[in-house]
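The primary structure of each chain is shown beneath.
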Amino acid sequence: MIKSIVIKSLIQNITVWIISLIAVIPVLLIFINAVKTVSESSSMNFALPRRIQFENFTTVIEKGKLSHSFLNSLMYSSISSFVCIFISAMAAFVLVRNRTRLNRFLYLFIIMGIALPLNYFTLIDVMKWTELLNTRAGIIVLYMVTQIPFSVFIIYGFIGSLPKELDEAGVIDGCGPKRLFFSVIFPMLQPAVVTVFILSFLNTWNEFVLPLYYLNSAQKWPMTLAVYNFFGQFQQSWNLVSADILLTILPIVIIYLLGQRFIIAGMTNGSVKG
Amino acid sequence: MTKRMYPFYFIAIALVFYLVFAVIPSLMGIFLSFTDWNSYSRVTHFIGFDNFATIFSSDENYLHGIKNTIVFTISTIILKTVIGLFLAELVNKKIKFKNLHRVLIFMPAIIPMLVVGIIFKSIFNPEYGLINEALRTIGLGQWTQQWLTDVQWAFKSIIAVDVWKGTGYIMVILLAGLQSISHSYYEAAEIDGATAMMKFRFITLPLLLPALTVTTVLNLLYGLKIFDTVYVLTNGGPGYTTDVVYTQVFSQFSLGSYGVGTALITVLFVIMTILGYVAIRLMSREEYNG
Amino acid sequence: MKKIASTLLVLGLVSGILGACGTNGNNENSNSPSDSSANPTNESGTSSNENSAPAKKDVTLSYLASQDWIKDSEMKLAEKFEEQTGVHIDYQIVPSDQYSNVLKAKMAAGEAPDIFGGQSGKFDLGPLYDVENNAVDLTNEEWVKREDPLYIEQATWNSKVYALTIWDPSSSWIMVYNKKIFADLGLNVPHSYAEFLAACEKIKASGVTPIYEPVSDGWHHVLWFPELGVRYQEQDPGLADKLIKNQEKFEDAAVLEQSLTQFNELTQKGYFGENALSNTYVDTEKNMAAGKYAMTLYTIGLPAQIESAVPGSHASDYGFFPIPLNDNQDLNVNPAAPSKFISSTSKHIEEAKQYFAFLAQPENMQYYLDNEPKFTALNFPGVKAKFNADQQEFFDTYGKKTGTVYQTAINYFNPQWTDIGKDMSAMMVKQLTPKDVLKNIDKRREQQAKTAKDANWK
């Protein structure tokens, strides 16, 4: 009996290791090939490099316009996620607390956006009218808009679990709606907000189609497009491509590792318990 | 009090953005899909249902794209759910480094698809790619394939990459669902002498239904909108084998027939609106019950 | 915390107003249609560039181009240009299979970059790039008088010149073969399709893949078909005219079906090897040098490229012969090539013209050619070409009879290049027949001709 439990647990441990390995193999592959020479990396495999080529990274930073695009990505992802969370939380707050017929309809109407396919053709016209085409502000607004439905959905569920007595206490203390929301409610939303922030930050950081079509200057390109551009030019040098990829995904991997607790906890709260 | 404390402008900010940049383009798109809008002339004419007739005519390839999109959606729903559930069960057990494994398995979800595409194009390369080299090394040379360029394999490879990337996400949601099931049910069942299979069938599955609904809806909406995975791996090739609706939309872009392109999006829009409505109704109901 | 919160809220509101109401305040976009500067008949300030000492300015020109169109030597020249004038060129290189998508999308939005790359072609400038609206008229530039008139013809639309072409006139697509492999197997240069097939069979039997064909780029394998324009003309005189006037369909032209069928035969007999569909163009040198492939369809500059890319290889190990489909023995010439256009919406049209004038200066041209291993000559007289013995011999043998390739000779063909590429890939994986491919070409030509209101299509 004990023996069979040990074997069972051994099998489980081995299985889970194999699966974890499959999940990270591509990243490891990039990691190893990023420090090889061109010829060593011509077939991407796990053979170790003869000498670690750190200079690949300096080459890549110079040629790949990485510092520029890093700042762009950081700006696009953080501003759009921040603003999105604020306006989504404000909307979700009123939608939860004041469930009129209209508001219930508006809630459904907004979260239908999760399903809405983006129309890239006509969006160009809208961007032109609003003078946002080819601007950083424009791309930030677009990212923000694409994240609104999902953010409202998660925060809506979370606010529902906050007792309404909080609001009443606030009113008795003489709060207006703005003070009530910003000094009482919003701080209580912290777990949901962190989750939404991380998820929308990651989504935005990884997206590439919107800037490809709606930004026309390489100066404004985010990191994903910089990789695309780089791959176009250096397709033969897999070591440089790998180094470029590694530097691109490093920030998100770090954010992910730091925030993984919130991602997992937050997704649980928002999407399952509601 | 509600009127004063919950002012409409709190909703209005998000709503206006959403209307201007998501809803209006979609409505314009529906209108323009009844016109001959194209890149060669500056005026457009109303042409009724011609674009839709083109899409649904058997001479063209669009039905193939729609079919592929549906195949993709259904197979990723099934694979991601089954594998995700298996993994959730696995990392919910008493294994070592539980947290580490969860973190690692979720990891593919955060890698940009563009990067995933570049890496997997190399991994799938028939000549020097990792998979074929590994197969040859362990003496299974006859199993090597043209993963992305063989008609039989290309779409399967795309689905595999997508499952690789998306399963961790599904696993986490299902894991949360598993953890919300009280242990007392299992203990009671054990006293009654239930087998592992019975426990799964009669306790886990029914109580996991809300979480499974959520993952199915997410997978469904994601699958129908699929573009980036195909775009970065094959861009519809070889030939037209792996075209999905959105890759066809973008080729209409380059051909300059915006009318047909936007009509394709409209077809997708109608399907998604119906499915999305049903799905959101489902999710909202779960929310009130849970 | 509260302060940050309210600041962000304000920020959100501000951009909300911007987004919703479309106030004209924000001027960061380069999109405002500058009608005055875009006026194509702008005669002043074109030739005066070199006379007046250019003041340094802080200007960046964005330049969108497909992979492989911008040579390293051009980038070096751009650096020199920046030193002299302070004008920085910002190259945006897009992978070739996506280029037309991206450029089209940007043009549709009226937001093309300052300079954009594009294939020239006398039938295509209108339909493909709508140059009358999107590009600046360059007719009065000084270099127009010096550039090879054949090339100028291809960069002209409604008698106005719209593009600068700096390309290799000897860069026809021909077969480059590995002399050593041929010698070891006792093979001679084939003079007919039958001889070519026999050679391929022998090479394949020896364990070497006969032909390196990079299909994955989406454009290269198309070359086999339209590059034979010279041979089609010989086999069926007047065909090109009939096709242009819509008196004959691609579908009904026997010679066109013949070449596609032969191409397909090469595929199905495995002469392109197993990996053709995933082979990439940029790996050509590497693979040819490794001796794994005996031939490839390339330009006459390939041997020199191999020598410079792969240590230990020699340019003299490679020879040339014309594409052998349809028993072709003549030289195909294509005066349409990747060219540079200036966007009419650019705010820096003068600087862009200045850049073109700079590139076209004879000493810069010479530098460009000398530092570009892929090129052996340039389409500007006075630039010293660098043919070697093999190349000279090739031109002596086959250069007597030349003709224009179909993508340049036939209208409504070049714009659908990538679509034909998809069709031909589908044919390679047996989803379409050669006839289907031709039918699809007819269908797309009709579509384009109709939207262009061509009187020959009704």
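Residues numbered from 1 in each chain as written. Chains lettered and ligands numbered in written order. Predicted model: local features only at pLDDT ≥ 70, side-chain atom pairs only at ≥ 80, totals over all residues. Heavy atoms only, no water.

As recorded in an unreviewed UniProt entry, chain C goes by the name Extracellular solute-binding protein, listed as coming from Paenibacillus glycinis. Regarding chain C, the UniProt comment filed under Sequence similarities (unreviewed entry) reads as follows: "Belongs to the bacterial solute-binding protein 1 family." (UniProt positions renumbered as here; feature names shortened; annotations may be inferred.)

Re the sheet that holds strand 8 (residues 209-212) of chain C
Residue and element names in this part refer to chain C. Here we have 4 strands laid out as an open sheet, ordered 8-9-7-10, and mixed in their pairing. The open sheet has two edge strands, strand 8 and strand 10 (318-321), and neither has a second partner. Put simply, the sheet's adjacent strands are angled 25 degrees from each other on average, direction ignored. Note that strand 7 (residues 174-178) and strand 9 (residues 293-298) share 4 bridges and pair antiparallel. Its bridge partner lying in strand 9, Tyr177 is registered against Met295. Lying over the sheet, helix 17 (residues 389-398) contacts strand 7 and strand 10, oriented at roughly 15 degrees with respect to strand 10. (Pairing = 2+ DSSP bridges. Helix = DSSP H or I, 4+ residues; strand = E, 2+ residues; numbered from the N terminus. Axes fitted to C-alpha atoms, helices over the stretch in contact; angles between N-to-C directions. Contact = heavy atoms within 4.5 Å.)

With respect to the packing of aromatic side chains
Evaluation of the coordinates by the stated rule reveals 72 aromatic pairs over all chains. Between Phe49 of chain B and Phe52 of chain B, the aromatic rings sit 6.0 Å apart at their centres with planes inclined by 55 degrees, giving tilted as the arrangement. Owing to a relative accessible area of 59%, Phe49 of chain B belongs among the exposed residues under this scheme. Arranged with centres 5.6 Å apart and planes meeting at 70 degrees, the rings of Phe394 of chain C and Phe395 of chain C form a pair that is edge-to-face. When its relative accessible area of 4% is taken as the criterion, Phe394 of chain C is described as buried. (Phe/Tyr/Trp six-rings, centres within 6.5 Å; stacked < 30°, edge-to-face > 60°. Buried < 20%, exposed > 50% of the residue type's maximum accessible area, 1.4 Å probe, protein only.)

Digging into the interface of chain B and chain A
Taken residue by residue, the interface counts 95 residues in chain B and 102 residues in chain A. Contact between chain B and chain A buries roughly 9,000 Å² in total, counting both sides, with carbon and sulfur atoms accounting for 80%. Summed over the three residues of chain B that lose the most area to chain A, namely Tyr6, Phe10 and Phe21 of chain B, the buried surface amounts to 9% of that side. Where chain B packs against chain A, one counts 0 salt bridges. (Buried area = accessible area lost by both parts, 1.4 Å probe. Salt bridge = Lys/Arg side-chain N within 4 Å of Asp/Glu carboxyl O.)

Description of the pattern of salt bridges
Scanning all chains against the criterion turns up 17 salt bridges over all chains. Notably, a salt bridge pairs Asp162 of chain B with Lys80 of chain B, separated by 2.9 Å at the nearest N-O pair. On the criterion of sequence distance, the pair formed by Asp162 of chain B in helix 8 (residues 154-179) and Lys80 of chain B in helix 4 (residues 62-91) is long-range, its members being 82 residues apart. Take Lys80 of chain B: its relative accessible area is 3%, and that puts it in the buried class. Where Asp390 of chain C meets Lys179 of chain C, a salt bridge forms, and the shortest distance between an N and an O atom there is 3.1 Å. One end of the pair, Asp390 of chain C, is in helix 17; the other, Lys179 of chain C, is in helix 8 (residues 179-184), and 211 residues separate them in sequence. Note on Lys179 of chain C: relative accessible area 27%, which makes it partly exposed.

Digging into the pairing of strand 2 (residues 87-94) of chain C
Residues and elements named next belong to chain C. Of all 8 residues making up strand 2, 7 are buried, and the element is well covered by its neighbours. Relative to strand 2, strand 1 (residues 59-66) runs parallel, the two being bridged by 8 bridges. Bridged to Ser62 within strand 2 is Asp90. What joins strand 1 to strand 2 is helix 3 (residues 72-85), and the crossover it makes is right-handed. (Right-handed = clockwise from strand over helix to strand, strands pointing away.)

Overview of the environment of Glu60 of chain B
Take Glu60 of chain B: it is sitting in the loop between helix 3 (50-56) and helix 4. The contact partners of Glu60 of chain B, leaving out residues within four places of it in the chain, are Thr54 of chain B together with Lys443 of chain C.

Focus: the pairing of strand 1 of chain C
Residues and elements named next belong to chain C. Where burial is concerned, most of strand 1 is hidden: 7 out of the 8 residues are buried. When strand 1 meets strand 3 (residues 115-119), the two strands line up parallel, connected through 2 bridges. Residue pairing for strand 3: Leu64 is matched across the bridge by Phe116.

Comments concerning helix 5 (residues 120-129) of chain A
Residues and elements named next belong to chain A. Counting buried positions along helix 5 yields 7 of 10 residues, so the element is predominantly enclosed. Among the residues of helix 5, those classed as buried are Tyr120, Phe121, Thr122, Leu123, Ile124, Val126 and Met127. At the exit of helix 5 stands Glu131, carrying a positive phi of roughly 60 degrees.

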